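Read off the chains here:
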Amino acid sequence: MQKRKRKISTLFDSGALITSAKFHIRKKLIVDYLVDCCRIIIPSEVKHETVDMGLLFGYQDARDLANRLNAGHFLVLNTTFRNNELESALTNSGLENADCAVIHTCKQMSKQTRLITDDHKLFICATRLGLSPIFLPDLILLLVNKGWMKTPLAMEILETVQPRYTKGFIELTLKRLKGVI
Amino acid sequence: MTTAISIELDDQLYRFITYLQKSKRIPSRQVTIDLLKAGYHQQVRQLYNQYLKGEITFRRMAKELGLEYRQLYGLLEELNLPLA
């Protein structure tokens, strides 16, 4: 009997979540490909920024995210424990309240959880804390490497989100995907 | 949405606006709006550069501009500025 693959545990930050809810590939949103292979958790602060405020401002991606949230495709987690020492260090490093919430929530989760963020400063802070952050394009690469996604689809996704990233950013992921580097 | 506000200008700014008004032949109201917009976009660019270098988070940038996270995402899209 074939063993069922375990979905990748992910905690999404707002920017990466919005990007994944903005672009369609083969008439399907990127986030819909992700829910097939990832267990997606978002902190309540991220829900507020992406869904609640997005709906208030009338963004289509917020409506799409709200639908998926209501359908139970991803889960909202409240930060139940905030370490004061960590909070103070993060604030002194220039992190905002919702940034801290993302870090605290990630620390509450299993060590295998990948933090999906496109925010360089948050990425660095998470790395320094021993968490496992990964940029959205590199999550796509990881999904291919773990056998969850086929290379042609991954390439389409990466090429589609290219305008949201600086020059060379997607190129690096694409070259890794092709095995050139 | 537009909001009307009245502002007091110091002598230097007043002279500059009067000069622009005359040389470009546009109303002083429009000159003032253009100057404010230019200052705003310069501030956006400055914060954006800090964000891209990893000096500040996206949320700090939004806060400094008086925007919600989702509004800043939209603004960067409008300006064709990448997220990472």
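Throughout this document, residue positions are counted from 1 along each chain, in the order its sequence is written. Lettering of chains starts at A and numbering of ligands starts at 1, both following the order in which they are written. Only residues with pLDDT of 70 or above have their local features reported here, since the model is predicted, and side-chain atom pairs are shown and tallied only from 80 upward, although totals for entire chains, interfaces and linings are computed over all residues. Note: side-chain values were computed over all heavy atoms of the structure, leaving out hydrogens and water.

Asks: Could you give me a rundown of the packing of helix H1 (residues 11–24) of chain B against helix H2 (residues 28–52) of chain B, with the residues and numbers involved?
Replies: All names here are of chain B. Between N-to-C directions, angles span 0 to 180 degrees; the directions come from axes that are lines fitted to C-alpha atoms, helices contributing only their stretch in contact. Put simply, DSSP H or I for four residues or longer makes a helix, DSSP E for two residues or longer makes a strand, and each gets a number counted from the N terminus. Between H1 and H2, the shortest axis-to-axis distance is 9 Å and the interhelical angle comes to 115°. Judged by the angle between their axes, H1 and H2 are roughly perpendicular. Seen along the crossing, H1 lies across H2 with a hand that is right-handed. Along its contact with H1, which presents Phe16, Ile17, Leu20 and Gln21, the element H2 presents Ser28, Val31, Thr32 and Leu35. Here roughly perpendicular refers to angles of 65 to 115 degrees, roughly parallel to angles under 35, roughly antiparallel to angles over 145, and oblique to all remaining angles. In a left-handed crossing the near helix is turned counterclockwise from the far helix by less than a right angle, and in a right-handed crossing that turn is clockwise. Should any heavy atoms of two residues lie within 4.5 Å, those residues are counted as being in contact.

Asks: Help me get a handle on the sheet that holds strand S4 (residues 38–43) of chain A, residues and values and all.
Replies: Residue and element names in this part refer to chain A. Across the sheet, five strands lie side by side as S5-S4-S1-S6-S7; this open sheet has parallel pairing. The open sheet has two edge strands with one neighbour each: strand S5 (74–77) and strand S7 (132–134). Adjacent strand axes in the sheet meet at a mean angle of 35° when their direction is disregarded. Two elements, S4 and S5, share four bridges in a ladder whose sense is parallel. By definition, two strands form a pair when at least two bridges between them are found by DSSP.

Asks: Can you lay out the interface of chain A and chain B for me, pointing to particular residues and giving the numbers?
Replies: Counting from both sides, the interface comprises 29 residues of chain A and, opposite them, 22 residues of chain B. Summed over both partners, the accessible area (1.4 Å probe) lost when two parts come together is defined as the buried area. Carbon and sulfur atoms supply 53% of the area buried between chain A and chain B, which totals about 2,300 Å² over both sides. Salt bridge, as used here, is a side-chain nitrogen of Lys or Arg placed within 4 Å of a carboxyl oxygen of Asp or Glu. There are seven salt bridges connecting chain A and chain B. Residue Arg60 of chain B pairs with Glu96 of chain A through a salt bridge whose shortest N-O separation is 2.4 Å. N or O atoms closer than or at 3.5 Å make up a polar contact, with two conditions inside protein: a donor-capable atom paired with an acceptor-capable one, and, for residues adjacent in sequence, both atoms drawn from side chains. The tally of links from chain A across to chain B stands at 17 residue pairs in polar contact (both at pLDDT 80 or more). Of all the secondary-structure elements, those providing two or more residues to the side of chain A that touches chain B are helix H1 (14–20), helix H3 (44–56), helix H6 (97–108) and helix H7 (120–128) of chain A. When residue character is reported, Ala, Val, Leu, Ile, Met, Phe, Trp, Tyr, Cys and Pro are called nonpolar, Asp, Glu, Lys and Arg charged, and the others, Gly included, polar. When grouped by side-chain class, the residues that make up the side of chain A that touches chain B number twelve nonpolar, seven polar and ten charged.

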